[in-house]
Structures are given as C-alpha cells and as structure tokens.
Amino acid sequence: MPDSVVTLDRFHLVRGDRCAVETGKCSHGGLFDRTSSREPTGGINKDDISSSHGYLHQRAAEMVIRATMELLEDIRLATGNVAFLRLMGLTQTSVLAFVFDTTSSFSNYIEVFKRVCFSIIDNRRGTSEEPSEYALVTFNDQDSGPLIRTGNADTFKEYINSLLASDGGNLLNMCLSALLLTLTQAPPSSDIFVFTDAAAKDSELKTTVEAMMEYTQSRVNFLLTSSFSLRSEKDVSPTRLMSLSDTQLYRDLAHVSGGQAMEITDTTFPQVTSVIKDVIIADLVTVLQIKGNSSKAENYSFVLDPTLSNVTVCLNGDSLSFTLYSPTGMSQPGSVADGPLGSILTIGNLRRVKLNSAKQTGEWKISINSTSSYTLKVFGQSSVDIHFYFVEIFKGGHEDSWGQTFTRPFIGRNATFYVSVTGGDSVAVTDVLLVEASGSGVVSGTIKSVGATDFLVSIDRIPEWPFVVQLKGLLNDSSSASRFQRQSPTQHKGSRITVTAQSQNITQPGVPLSLNFTVASNATGSNYTIRARTDQGFNVSFPSSLTLGTGGSAQGSVTLTAPSDTESGTDVTLTIEAEAPGSTDLNYVTLRLTVSTANNIFSGCYSLSMCLTFFWFFISHCV
C-alpha cells in the first residue's frame, strides 16, 4: 500500500507498513515514545519540522488544506449557496418566532397583531435580514403548543392567518409555558415576540425561562395589551387587566434576554411596527443596557464609535424623565419630541430616542429621574460585536487548551471565559468587566490574548448578582484609533449548585439512553426540584426531585428515547436542571447528542466543526 494512502476500518487506521490492521496501532514517535521501536515501527509525529517525520510536515499541511476545501465544496454543492453560507456563519441566521395568546378575550387583538406580523415578514423578505426559519407557538388559559416551524414565509403567513381565539375566560394564561417551549425548541439566537393581554398563571417557571434565555441567547420582546382600548363595542369578553406586578414579570424577562416590553393602546398601536423593526435589524449590537431601581437622579455614559449607525436609546418605565447630552455638550430633554440630538417616540411605558445620524462619535451621557424601576438600553448597527462563553481550562500538552462549559459558573469561585471581537481587524481591548445588571457592581477581568481578536479573560470571583459582560477598547484603522464599547445583551448569573452529567454523544432511534447526573451544593439535606427536556421534544424520564445527602450531593438518572423514525444525523440538546427549595437558586447542564444508526468513528460528529477536526487529525497524522 502506498505510504500516503489512508483508509478507515471501524476505529482502526490502516496505513502502509507503519500501521497494523485490527491489533496494532500507530505510534506517535519521538524520543519519549517507548512503543515506536515495536512493530509497526516508526511513528506518525510530524507536528513540526524537527519531529521524527518532520520532512512530511508541509506535505501533510497542504493535504489538509486541499482535503478541507474539497469537503466544504461538496457540502456547498449538496446544500446550496444560501444554506452553506448560513452553516458557515457568514450570513444572517436568525429565526423569527411569534408566541400568540389565543384566549377568547384576546380575539380582537389577534387580527391586529396578524397585520403586524405580516408587515414584519414582508419587510424582511428578500433582504439580508430575511430569517432562515419561522416559528409559531400558541397558548391559552389551559394549554400551550405545539411549536410549528417552516422556512417558507408564505406557509408561515398561512399558519398565522389561520389563528382563531379559543374558549376560555380565565384571567390568567399559560404564557411562560409557551415561551419555554419556544426557547427550548427554536434555534439559539432567535428573535421572539410574545403577544398577550393577561398575567401568567405559570409564573413559577420564571427562573427556568431565565436559564433558557441565558443558554440560547435569544431576544424576547413582549407586546402587552391590558385594557378595553382595542375592543369593539360588541365585545363582551371579560377584560384581563394586568396588575403592576404582572406587567413587571414580563418587563424583567425582556430585560434578562436583551429585549423590550411594550404596553400598547389603540392610539399607540400604529407606531409599534417601527419599534419592532428597530430590534430585528441585521448586525444589531448592544452598547449599554442597565436596570435602574433608584428614586434619585442617575447619570450614565456610553461611547459611540464610527462603525455604529442607526443608534437608538430606549427607556422603559412608568414615571421617568431624562435629558440626553452629546459629546459636544449639546442637550435634549425627553419632553422635546424633535430636537437637535434626535427624535423621541413614546409608546406607553417606552421612550425611544432615534439619534440623528450626524456627529454621533464620542462619549454620550444621559441623566434619568424616576420614581420606580426602569431599564435603559443603547443599541445600533455595527459590524463590530462581541461573543463570549465560559470555558474550562485543560492543562498539559504543548500548551493549555479550553472547552466551552454549558452550565452556570459557581458563585464566589474564579472562572475563565472566552471573548471574541468580530468585525474588527485591529482591536486593542483595554477592559473586560462583569457589570451588575441592576446596580453599580463591577468585577474586572485579567485579559490574555489568544489571537488577533480573541481573548481569554480570568475572573477572581463570580459575583452573587446577575451580570452582563462589558468590553471596552480601541478600534484602529489606517489613520486613527477610536474608543468603543460593547455589552452582551443577555443577562447571566452564577449559582451555588453544580450539575454535572455523564458525557455521551450518540443516541440511537427507538433505543432508551440512560445518563447519570450529579447535583451538589453546600446545603446538605435539602430537596431539589429536577427537570429535564430536549429541544426535539423527545420523551425524557427523570426523578422529580433529589435530596442531597451527606457531603451535599445526590445522583440521579435521565432516560432519553428518540422516536424510532428519527432521521439519522438529527442533533438533540438535552437540558438537566436542579432548582433549590423556594426557587432561590437554579443551575443546569446541557448535553449535545446526535441520533445515529451508524457504527463508525464519524457517528460522533454532531457538528461540522467536530467532523472537520476528526478529518484534519486523521489526514495530518497519517500521511
């Protein structure tokens, strides 16, 4: 067999005279490899030029490049250009989801909201902002679901047009159950709009919904109507007026996800579409987002850089006044609808300031007076954004490596997260901070560069309060450097609970798969509520609760069964949650699996990146 020929036979590599079939395996080679002198002799190490087979290093690298290009081209031809670019993360990949209240009291609103939905869909069709997929979930006072998904805009409009109000006069509804279903089964980073006129009867799901918002990074916007204003004179359905606490629940959830909660009347309804368009534009980035609780005046500042356009300042609260100050010292009070700095639109509790396009660059300030809690958000369009996730550091080898963790970090302990600045070729990061989402707390991070725009950030302790990640730095171009800041739109938090699960990548159709998991905490003897679910809606069985014994831990088992007709290659995400008594704390762990009937090494490749990693390893080490 030629030295350069590689074939895969089950889990064994067959390669010329250096690799044995079935019983042998290839040695790594090198001075410290004690097995390299045994049959098959030699070694496959060509990590650098000085390795035992270093003379093949360049040849192996070139072969990897050619083979990778060939594989990607095969995928492109099989999927088409649009799907391929989305797969590679090079074009818009958002999903647009609507969550509809269909209880009888909402009947008059449904027709109006249908027109809003149609306008959103039609305005984005054929543009770079057109969603890759649409999702619809309905709910009433008894039930919620199912979730309907389609990639066809016309089909989706037919689904929406078929919506009818159901019977039911309960003053509460299953809103959070429907939202949880949407967050669980819709793809991550979805744009979700919830339409309702009533309080949630399932408010106990708030902490679970927050955890799923955190994990999926999806933005949730609530459109709330709670008066007779949109009802006809013939409508005799009982009104479902929401109390301030009911409304605050929706406001809080919107803030956690980086969305908005808009309270609508008949006079403000025509303006809603323009506000919705602001939050679903392409390249949307968050500059600043904070929740204020003080009854005294508060001052905030934010930096706008030259890459930003269509900058919007949104304030959400019941009784507030504000004044905006530009970098040049010019000011505009919130009572002036059209002023030197921008145009102000008021929709119920929402004030939207659309900044004028000229002279935006620099440090802005805003002064806010309020008698109750409020939220402030500054956002716009830019190619420069940040992405982050917590990681676990693995010591050893040529250098330390890291992998993403899919659970909340432990409060009070140190942690590391990965931050990437996208869209900026030359970036100097000066500060990465954990900023309190509803206060003034700040935890600074130690920054280590791991690439031109990639960084590992070490935190001495995870704070007790919910936080967002804020990054500040300089954008460098050929002529100057500009200050910039970005913030993660989704709120995060730590936990004093740890949830770990048995690692598993593959499950087979129709065959139950059992996975062990462990819940641990310092609270010995406490009873923790357990929940488990998948994004595919597969059948999952699990214990409803676990009592932590001596040592503060307990073990349980989750059994997952994919339907027998599930297509091989289907990805499934399993989430296991543990909630402390009184809903005082919650943590989760997520596992990504692939449904497969194949029994080969590539059956574990549940993503393109993992398949390419396996592909690169085999070719580069066995040429």
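Residues numbered from 1 in each chain as written. Predicted model: local features only at pLDDT ≥ 70, side-chain atom pairs only at ≥ 80, totals over all residues. Heavy atoms only, no water.

K.L.:
Lay out the confidence of the model for the chain in plain terms, naming residues and giving numbers.
P.N.:
On average, residues of the chain score 84 in pLDDT, and 86% of them are at 70 or above. Contacts from residues 1–22, a stretch scored under 50 in pLDDT, to residues over four places away or in other chains number 49 contacts. Counting interchain partners and residues more than four positions distant, the pLDDT-below-50 stretch residues 227–239 has 26 contacts. (pLDDT = per-residue confidence, 0-100. Contact = heavy atoms within 4.5 Å.)

K.L.:
Outline the side chain of Thr416, listing residues and values.
P.N.:
As for its position among the elements, Thr416 is in strand β22 (residues 415–422). Setting aside chain neighbours within four positions, we find Thr416 in contact with Phe390, Val391, Ile393, Leu456, Val457 and Ser458. (Helix = DSSP H or I, 4+ residues; strand = E, 2+ residues; numbered from the N terminus.)

K.L.:
Requested: an account of the pattern of salt bridges, with residues and values cited.
P.N.:
Opposite charge on two side chains makes pairing possible when the charged atoms of those side chains draw close. Tallied over the entire structure, the rule returns 21 salt bridges. Close ionic contact of Lys114 with Glu111 constitutes a salt bridge, the shortest N to O distance being 3.2 Å. With Lys114 and Glu111 both in helix α3 (residues 107–124), this residue pair falls 3 residues apart, about one helical turn. Between Arg125 and Asp154 there is a salt bridge, and its shortest N-O distance comes to 2.9 Å. Note that Arg125 is positioned in the loop between α3 and β4 (133–139) and Asp154 in helix α4 (residues 153–161), a separation of 29 residues in sequence. Since its relative accessible area comes to 42%, Asp154 is described here as partly exposed. (Salt bridge = Lys/Arg side-chain N within 4 Å of Asp/Glu carboxyl O. Buried < 20%, exposed > 50% of the residue type's maximum accessible area, 1.4 Å probe, protein only.)

K.L.:
Kindly report on the nonpolar core, identifying the contributing residues and their values.
P.N.:
Core analysis: the largest hydrophobic core is formed by 37 residues, its most contacted members being Phe98, Phe113, Ile160, Phe193, Phe195, Leu223 and Ile276. If you list the elements that add at least two residues to this core, you get β3 (95–101), α3, β4, α4, β7 (191–196), α8 (272–279) and β16 (342–347). If near-sequence neighbours (up to four positions away) are discounted, Ile160 is found in contact with Phe98, Lys114, Cys117, Phe118, Ile121 and Leu136. Membership of the second largest hydrophobic core comes to 34 residues, among which are Val99, Val220, Phe222 and Leu253. (Core = buried A, V, L, I, M, F, W, Y, C linked by side-chain atoms within 4.5 Å.)

K.L.:
Could you give an account of the pairing of strand β36 (residues 571–579), with specific residues and numbers?
P.N.:
Of all 9 residues in β36, 8 are buried; the element is thus mostly enclosed. Of the strand pairs in this sheet, strand β32 (residues 527–534) and β36 are connected by 6 bridges, and their pairing is antiparallel. Its bridge partner lying in β36, Ala532 is registered against Ile576. Pairing of β36 with strand β37 (residues 586–595) involves 9 bridges; the strand directions are antiparallel. Bridge pairing in β37 places Glu579 opposite Leu586. Here β36 folds back onto β37, and the loop between the two strands holds 6 residues, one of which, Gly582, carries a positive phi near 75 degrees. (Pairing = 2+ DSSP bridges.)

K.L.:
Before we move on, can you summarise the packing of aromatic side chains with the specific residues and values?
P.N.:
One pass over the structure, following the stated rule, counts 17 aromatic pairs. The interplanar angle of 55 degrees and the centroid separation of 4.5 Å between the aromatic rings of Phe113 and Phe195 together place this pair among those described as tilted. Placement of the pair is Phe113 in helix α3 and Phe195 in strand β7, with a sequence separation of 82 residues. The class for Phe113 is buried, based on a relative accessible area of 0%. We classify Phe195 as buried; its relative accessible area is 0%. Ring centres of Tyr134 and Phe156 lie 5.0 Å apart, and the angle between their planes is 20 degrees; on these two criteria the pair is classed as stacked. One end of the pair, Tyr134, is in strand β4; the other, Phe156, is in helix α4, and 22 residues separate them in sequence. As far as the burial class goes, Tyr134 and Phe156 line up, both buried. Members of the aromatic cluster, joined through ring pairs, are Phe98, Phe100, Phe106, Phe113, Tyr134, Phe156, Phe193 and Phe195. (Phe/Tyr/Trp six-rings, centres within 6.5 Å; stacked < 30°, edge-to-face > 60°.)

K.L.:
Give a detailed account of the sheet that holds β7, specifying residues and quantitative values.
P.N.:
The 6 strands are arranged β5-β4-β3-β7-β9-β10 in an open sheet whose pairing can be described as mixed. Edge strands, defined here as strands with exactly one partner in the open sheet, are β5 (144–150) and β10 (261–263). Recorded for the sheet is a direction-independent mean angle of 15 degrees between the axes of neighbouring strands. Relative to β4, β3 runs parallel, the two being bridged by 7 bridges. Within the sheet, the bridge partner assigned to Asp101 lies in β4 and is Phe139. In the packing of helix α7 (residues 244–257) onto the sheet, contacts are made with β7, β9 (219–224) and β10, and the angle to β9 comes to roughly 155 degrees. (Axes fitted to C-alpha atoms, helices over the stretch in contact; angles between N-to-C directions.)

K.L.:
Please provide a residue-by-residue account of the environment of Glu39, values included.
P.N.:
Mapped onto the fold, Glu39 is located in the loop between β2 (12–14) and α1 (57–79). With 12 residues separating them along the chain, Glu39 and Ser27 place their C-alpha atoms 9.3 Å apart.

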